[in-house]
Amino acid sequence: MPHKIGFVVVSSSGHEDGFSARELMTHAPTVSGWRSPRFCQFPQEIVLQMVERCRIRKLQLLAHQYMIASKIEFYVSESLPEYFAPYQAERFRRLGYVSLCDNEKTGCKARELKSVYVDAVGQFLKLIFHQNHINKYNVYNQVALVAINIIGDPADFSDESNITSREKLIDHYLGHNTEDPALEGTCSGKSDYISPLDDLAFDMYQDPEVAQIIRRLDERKREAAQRERYDDAKTLKQAIADLQKVGERLGRYEVEKRCAVEKEDYDLAKEKKQQMERYRSRVYGQLRLHELVGAELIRRPLDLPLQPLVCSSSPCHQQPALTLPQPEERGTENRFADPFLQEKPSSHPLDISPQHCAVDRSPPAADPPPKTHLESLPYDERPLPATCKQPGAVAAEPERRDTDSGEPPRVGTAAEPEPLTEKALREASSAVDVLGEALVAGAYSKTWSHREDALLALYKQLMDAPAATPKEDLKSTLRAAVFLIRRAIRDIVTPVFQASLKLLKMIITQYIPKHKLGKLETTHCVERTIPILLTRTGDSSARLRVIASNFIQEMALFKEVKSLQLIPSYLVQPLKANSSAHLAMSQMALLARLLQDLGTEGMGFTVDSVMQFAVRALEHREQKVREAAVGLVLGLYAQHRARVLERLPPEECAARRSVLYRTLFEGFATIDGRPTDAEVRAQKRAATEEAEKQKKDEIKALQGQLAALKEMQADVQEKESETAKAKNQVYAFFVGRGATPSQKKAWISITGRTALC
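Residues numbered from 1 in each chain as written. Predicted model: local features only at pLDDT ≥ 70, side-chain atom pairs only at ≥ 80, totals over all residues. Heavy atoms only, no water.

As recorded in an unreviewed UniProt entry, the protein goes by Centrosomal protein of 104 kDa isoform X3 and comes from Balaenoptera acutorostrata.

Caption draft 1: Quick peek at the overall build of the protein. Along the protein, the regular secondary structure elements total 25 helices and 8 strands. Within the protein, contacts between residues separated by at least 24 positions form 73% of all contacts whose residues are at least 6 apart in sequence. (Helix = DSSP H or I, 4+ residues; strand = E, 2+ residues; numbered from the N terminus. Contact = heavy atoms within 4.5 Å.)

Caption draft 2: Just the packing of aromatic side chains, in detail. Scanning all chains against the criterion turns up 4 aromatic pairs. Taking 5.6 Å as the distance between ring centres and 85 degrees as the angle between the ring planes, the aromatic pair formed by Phe39 and Tyr140 counts as edge-to-face. With Phe39 in the loop between β3 (34–35) and β4 (44–63) and Tyr140 in the loop between β7 (113–129) and β8 (144–154), the pair connects residues that are 101 residues apart, well separated along the chain. Owing to a relative accessible area of 54%, Phe39 belongs among the exposed residues under this scheme. Taking the centre distance of 6.0 Å and the plane angle of 40 degrees together, the rings of Tyr66 and Tyr137 count as tilted. Taken as a pair, Tyr66 in the loop between β4 and β5 (71–77) and Tyr137 in the loop between β7 and β8 lie far apart in primary sequence, 71 residues in all. Of note, Lys126 hangs over the ring of Phe92, and the distance from its end group to the ring centre comes to 4.5 Å. If you follow Arg536 out to its NZ or CZ, it ends over the ring of Phe497, 5.0 Å from the centre. (Phe/Tyr/Trp six-rings, centres within 6.5 Å; stacked < 30°, edge-to-face > 60°. Buried < 20%, exposed > 50% of the residue type's maximum accessible area, 1.4 Å probe, protein only. Lys NZ or Arg CZ within 6 Å of the ring centre and 35° of its normal.)

Caption draft 3: Focus on a positive patch on the surface. Taken together, the side chains of Arg249, Arg252, Arg278 and Arg282 define a basic patch exposed on the protein surface. Those elements that place two or more of their residues in the positive patch are α4 (230–262) and α5 (266–289). Along the polypeptide, Arg252 turns up in helix α4. (Patch = residues over 30% accessible without salt bridge, like charges linked within 9 Å, V, L, I, M, F, W, Y side chains within 5 Å. Areas by Shrake-Rupley, 256 points an atom, 1.4 Å probe, with all protein chains shown as cover. Salt bridge = Lys/Arg side-chain N within 4 Å of Asp/Glu carboxyl O. Lys, Arg positive; Asp, Glu negative; His and termini not counted. Charge placed at Lys NZ, Arg CZ, Asp CG, Glu CD.)

Caption draft 4: Fine view of the packing of helix α13 (residues 471–489) against helix α14 (residues 494–515). At a minimum axis separation of 9 Å, α13 and α14 run at an interaxial angle of 160 degrees. One finds that α13 runs roughly antiparallel with respect to α14. Crossing angle aside, the handedness with which α13 passes α14 is left-handed. Each of Lys471, Leu474, Thr477, Leu478, Ala481, Ile485, Ala488 and Ile489 in α13 lies in contact with α14, whose residues at this interface are Val496, Phe497, Ser500, Leu503, Leu504, Ile507, Tyr511, Ile512 and His515. (Axes fitted to C-alpha atoms, helices over the stretch in contact; angles between N-to-C directions. Parallel < 35°, antiparallel > 145°, perpendicular 65-115°, else oblique. Left-handed = near helix turned anticlockwise from the far one by under 90°.)

Caption draft 5: Layout of the packing of helix α12 (residues 448–463) against α13. Where α12 contacts α13, the axes come no closer than 11 Å and their chain directions differ by 155 degrees. It follows that α12 is roughly antiparallel to α13 by the angle criterion. As α12 runs across α13, the sense of the crossing is left-handed. Touching Leu455, Leu458 and Leu462 of α12 are Thr477, Ala481, Leu484 and Ala488, all from α13. Partitioned by chemical class, the residues of the contact of α12 with α13 number 6 nonpolar, 1 polar and no charged. (Nonpolar A, V, L, I, M, F, W, Y, C, P; charged D, E, K, R; others polar.)

Caption draft 6: Molecular detail of the pattern of salt bridges. As enumerated under the stated definition, the model contains 25 salt bridges in all. Measuring nitrogen to oxygen at the nearest pair gives 2.8 Å for the salt bridge that ties Glu78 to Arg53. Of this pair, Glu78 sits in the loop between β5 and β6 (93–99) while Arg53 sits in strand β4, placing them 25 residues apart in sequence. The exposure class assigned to Arg53 is buried, which follows from its relative accessible area of 8%.

Caption draft 7: View of the nonpolar core. Ile507, Tyr511, Met555 and Ile567 are the most contacted members of the largest nonpolar core, which totals 90 residues. The leading source of residues in this core is α14, at 11 residues. (Core = buried A, V, L, I, M, F, W, Y, C linked by side-chain atoms within 4.5 Å.)

Caption draft 8: Spatial organisation of helix α15 (residues 519–536). For α15, with 18 residues, the first-to-last C-alpha span of 25 Å sits near the 26 Å given by 1.5 Å per residue. Of all bends in α15, the biggest is about 35 degrees, found at Ile530, and the proline Pro531 comes one to four residues later. Those residues of α15 that are buried are in contact with α13, α14, α16 (542–556), α17 (559–562), α18 (567–571) and α19 (581–598). (Expected span 1.5 Å × (residues − 1). Bend = angle between axes of the 7 residues up to and from the residue.)

Caption draft 9: Looking closely at the pairing of β4. Burial runs high along β4: 17 of the 20 residues are buried. Looking at chain direction, β4 and β7 are connected through 14 bridges and run antiparallel. Bridge assignment links Gln60 to a residue of β7, and that residue is Ser115. Bridge analysis of β4 against β8 gives 9 bridges, and the strand direction is antiparallel. Across the sheet, the residue bridging to Leu59 is Ile150, located in β8. (Pairing = 2+ DSSP bridges.)

Caption draft 10: A negative patch on the surface, seen in detail. Residues Glu711, Asp715, Glu718 and Glu722 make up a contiguous surface patch of negative charge. If you trace the backbone, Glu722 turns up in helix α24 (residues 677–736).

Caption draft 11: Spatial organisation of helix α3 (residues 208–226). For α3, spanning 19 residues, the distance from its first C-alpha to its last is 27 Å, which sits close to the expected 27 Å at 1.5 Å a residue. Of all the positions in α3, only Glu209, Val210, Ala211, Gln212, Ile213, Ile214, Arg215, Leu217, Asp218 and Ala224 are classed as buried. Positive backbone phi, at 65 degrees, marks Glu228, one or two positions downstream of α3.

Caption draft 12: Layout of the side chain of Arg35. Tracing the sequence through the fold places Arg35 in strand β3. For the buried Arg35, no salt bridge exists, and the shortest N-O distance to an oppositely charged side chain is 4.1 Å, to Glu16. Residues contacting Arg35, with those up to four places away along its chain left out, are Gly14, His15, Glu16, Phe19, His64, Met67, Gln142, Val143 and Ala144.

Caption draft 13: Main features of unusual backbone geometry. The amide bond that connects Phe42 to the next residue, Pro43, takes the cis arrangement and shows omega of 5 degrees. Unlike most non-glycine residues, Phe39 shows phi in positive territory, near 50 degrees. The phi dihedral of Cys108 falls on the positive side, at around 60 degrees, and the residue is not glycine. Its location among the elements puts Cys108 in the loop between β6 and β7.

Caption draft 14: Looking closely at the environment of Pro417. Within the secondary structure layout, Pro417 lies in the loop between α8 (385–389) and α9 (422–427). Pro417 sits in the partly exposed class, given a relative accessible area of 22%. Along the sequence, Pro417 and Ala454 sit 37 residues apart, while their C-alpha atoms lie 9.9 Å from each other. Excluding its chain neighbours within four sequence positions, the residues that come into contact with Pro417 are Ala441, Gly442, Ser445 and His450.

Caption draft 15: Here's a closer look at the environment of His620. Position of His620 among the secondary structure elements: in the loop between α20 (607–617) and α21 (623–637). When the C-alpha atoms of His620 and Ser580 are compared, they prove to be 9.8 Å apart, with 40 residues separating the residues in sequence. When residues no more than four places from it in sequence are discounted, the contact partners of His620 are Leu575, Lys576, Ser579, Ser580, Ala584, Val625 and Arg626.

Caption draft 16: Highlighting the state of the cysteines. Throughout the structure, instances matching the rule amount to 0 disulfides. The cysteine Cys108 is free of any disulfide, with Cys101 supplying the nearest cysteine sulfur at 9.0 Å. By relative accessible area, Cys108 is classed as buried at 9%. (Disulfide = S-S within 2.5 Å.)

Caption draft 17: A look at the confidence of the model for the protein. Per-residue confidence for the protein averages 75 on the pLDDT scale, and 72% of its residues sit at or above 70. Low pLDDT, under 50, characterises residues 85–90; the predicted model gives this stretch 9 contacts beyond four residues in sequence or across chains. In this model residues 157–166 is a low-confidence stretch, pLDDT under 50, and it forms 10 contacts with partners more than four residues away in sequence or in other chains. (pLDDT = per-residue confidence, 0-100.)

Here it is, written out as structure tokens:
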């Protein structure tokens, strides 16, 4: 029966940092898959090696939502050329290709799962990715693959002769062409059954631990059906259906927790973790209650690591064993984890059990434990570097900050920070001379908790500095502290960043005034830190951006800093053309807030400097930055109309005809109480329409009068014609009666007509 085939990544054309092709070896809701380098050359290639020679029955691809290749080709081979390069064409046999949808209908919010049925024998599979679909989200023209699934069964070299002529004959009469280059996404008549549990959709939306339990229950269900225990099989079938819903729900929780960690919202991450543990414990309790699984099937998430696909299959389609190893096999592995588990039953050990290697199928040795490839494991399940170096320290320091949900848990940290490297010693030599190597080593440590502790220790040291200390020593200590603060401000860990701001605030507001070090030292602190703080306002983390912006505003209002008027001069420096939108928006918002607090009269800001900054911002490539600049200019115009207009293009300038400047000057008109250009145009349009209407009414009235006159003229003409007719009749009477000449003369004198005889 075909089943999921494990594989390893042999090579790839390249990848973006953090998105290696090795990510394809793991299937889980939180995997991110492979991404090509930015602005890469096409086509891109990935070569996979299956754990054994097999007959491929089905290929499944899960595409990215917007980094979508227009076409993916498949090639299969029995072996690779020596040293894996060059990939000779005769070594790979082309199977065909699949075309991927551009995803415009979904707004690039859905991922396409493509399934194709093939019949090919080999051990190496090559995927060739062609040019990407163009969309507004894929700004770097990348292609990506979230996951790939290979389903087949083992094939010996003698199997090729056993390809049944009956199947070929059926395909021939059904009109199926096995050499068709375009792979169809439908089954080509093969009757081999493929388990739904081997489908890619199952692994990508299921919690890994629950997925393993479902597979084990499925095996028990098939076994019960074979033994004709149909009641048990029915119960297990229902349990599997319920567990699939449970696994999908836990998978969603895991994705939400991962997103919270990336956003550094550790409160939400901790809440999701606890929610998962409560829900998992309740479900497992129900499973034990109904005696569906025993204790040997239910293991904690890090006891049962998410296995890479290379470990997931065997020729007999056996899943990785779910039972715990024997005590003698786990003795060395859990030597450090057991005390930690006894102290905190709900937490997980950091040691990841590296069992079931696909290449070496021998059972794991007790000492030393085999190594697991860290890149093939999910991000949240990889051991911390400190744990790898000093595993005994896991039990040495319990999670004493587990209650502080705003910080990452301090698990696996060593008792002392690692020594300074030669490079660090050269860089921080002056600080080492003043503060000591131990404190500086903590500030340079790779463990964030040591860095935070070093800053807090320095905070306490400066607070406790006696007033009788020589000023030269105080200044040396201050400058060494500023050196470490500059480094800590760049730290990506929020607690370390906040500790650096706390220390900087104390130095400016307490340390310098207490020891009367003067404005020169305050100026040194501000000038050395404010450029880096402004850079952090453009950080990718929204939380860090807000913290940095709020601190700069607070620092600008310190009485010790306010009189120096230093920070305004940094804020009005024109934006660079390639500055990020986050940095530009944060600087605009910060400038607007400080303008309200400080004004433009003698506090560092001037109308000219602010307008120079705003005019450059009006030319920024991001629309939201330009809109924010318009708001800034309008706010300044309300107070300084003439001086603002001086810094803007004159009326005859071509730039004034742009939509942006028209919007800006319409805002000026609104502030002045004048009608805007649009309103003037609307008024003119209304007046023109009214004049046209009046003209049409006058024309209509004149046309009516003309029609009346024509009607009167027609009546007159009709009457005249009737009179003339009557006269003609009388005349004819006289003529016909033979009137005498005297009568004719009388008629002529009356009618004025001459009778024509």
